[in-house]
Amino acid sequence: MYLYPFQRHFRLDLIPASHADISLCDLVWKRKNKSPLLGRKGMPNNLYNLFLAEDFITDTQWRKAITSFESEKLISAQLGNLEVKANRRFGSSFQHPVVQYFHSESHFSNNLQFYFTDIKVRVLSNSWRIKIQTHLDKFNKKLEKKIFKRYRSIYLITELYYGNIRIQIDRSQIHNANSFLLSSSTNQPTLKYENDRDYVYEFSNMEVPFAMRLESVKEFRS
């Protein structure tokens, strides 16, 4: 399956460029016909930062929440053997170190395809959803207007999707690719093999998400 049909079929949003370091409950601003924004001037980047600023929680509770969101265990997305093919445009901005590494060399970026495989997901747990609902219930109309201005366009991340990276390179580039990888001490494949037309490398997801599920803050329900 190609990346954009995958996105539409599962009602997900792709991670905007240069935002590999994101977590559950980060706030997102949706824009019509544009990529969503993970950040607005003068606004908190995570819902729990907002709860802390409004004294709904203590510093200790905030730290516990943020740590949990960032370390929630990855689980299988239960998509079977689905492989998601990314296009060159997405690959050039996707912040996975291996993809960026290959795209830094034009003779590779013009002769490779890459896929997401073994897709996993980090999900906001039911217990955290209940806690969030409890805090959101404290908002009144005056506070909503003060903090959010235009409330309806604000979403929070409730799922993050990760995939191992499978890179296919034209057989004519095998020697260059192997030499290229040997020069890197960190970007080593977990698996490599060849088929009739290509040489294939597979790398771990390195916990860099490529897609997210968003839920409206205004309509959030536990």
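Cut-off values and rules
- Residues numbered from 1 in each chain as written.
- Predicted model: local features only at pLDDT ≥ 70, side-chain atom pairs only at ≥ 80, totals over all residues.
- Heavy atoms only, no water.
- Helix = DSSP H or I, 4+ residues; strand = E, 2+ residues; numbered from the N terminus.
- Polar contact = N/O pair within 3.5 Å; in protein donor to acceptor, adjacent residues only side chain to side chain.
- Contact = heavy atoms within 4.5 Å.
- Pairing = 2+ DSSP bridges.
- Core = buried A, V, L, I, M, F, W, Y, C linked by side-chain atoms within 4.5 Å.
- Buried < 20%, exposed > 50% of the residue type's maximum accessible area, 1.4 Å probe, protein only.
- Expected span 1.5 Å × (residues − 1).
- Arc of directions from axis to C-beta.

Brief notes about the side chain of H96
Here is step 1 of the chain: Within the element layout of this structure, H96 appears in the loop between α4 (88-93) and α5 (97-103).
Here is step 2 of the chain: In terms of polar contacts, H96 uses its side chain to reach the backbone carbonyl oxygen of N205, at 3.4 Å.
Here is step 3 of the chain: Each residue touching H96, except ones within four places of it in the same chain, is listed here: I165, S204, N205, M206 and V208.

Concerning the pairing of strand β6 (residues 112-123)
Here is step 1 of the chain: Here strand β4 (residues 75-76) runs beside β6; their pairing, made up of two bridges, is antiparallel. Along β6, the bridge assignment pairs I75 with V121.
Here is step 2 of the chain: Where strand β5 (residues 84-86) and β6 come together, three bridges link them in antiparallel fashion. Among the inter-strand pairings, A86 is bridged to a residue of β6, identified as F114.
Here is step 3 of the chain: For β6 and strand β7 (residues 154-170), the ladder comprises ten bridges, and the chain directions are antiparallel. Directly across from Y115, in β7, lies its bridge partner R166.

Focus on the environment of P189
Here is step 1 of the chain: Take P189: it is sitting in the loop between α9 (174-182) and β8 (191-194).
Here is step 2 of the chain: Considering only alpha carbons, one finds P189 and N126, 63 residues apart in sequence, at a separation of 35 Å.
Here is step 3 of the chain: Ignoring anything within four residues of it in the chain, the contact list for P189 reads L181, Y201, E202 and F203.

Brief notes about the nonpolar core
Here is step 1 of the chain: The biggest cluster of nonpolar side chains holds 35 residues, and the ones touching the most others in it are Y48, F51, F69, I132 and I157.
Here is step 2 of the chain: Elements with a contribution of two residues or more to this core: β2 (27-31), α2 (47-53), α3 (59-71), α7 (126-136), α8 (141-148), β7 and β10 (211-216).
Here is step 3 of the chain: For this core, the leading source of residues is β7, giving six residues.
Here is step 4 of the chain: Those residues in contact with F69 that lie beyond four places of it in its chain are S23, L24, C25, N46, Y48, R122, L124 and W128.
Here is step 5 of the chain: Grouped together as the second largest cluster of nonpolar side chains are 34 residues, L14, L112, A177 and Y201 included.

Remarks on α3
Here is step 1 of the chain: The terminal C-alpha atoms of α3, which comprises 13 residues, lie 18 Å apart, in line with the 18 Å expected from a rise of 1.5 Å per residue.
Here is step 2 of the chain: Those residues of α3 that sit buried are A65, I66, S68 and F69. For α3, the arc enclosing every buried residue in end-on projection is 160°, short of the 170-degree limit, so these residues lie on one face. Opposite the packed face of α3, turned more than 90 degrees from it, sit the exposed residues T60, K64 and S71.
Here is step 3 of the chain: If you follow the buried residues of α3, they end up packed against α2, β6 and α7.

Points about α9
Here is step 1 of the chain: All buried positions along α9 are accounted for by I174, A177, F180 and L181. Each buried residue of α9 lies within a common arc of 130° when the element is viewed along its axis, so the set occupies one face. Looking at α9, the residues exposed on the side facing more than 90 degrees away from the buried face are H175 and L182.

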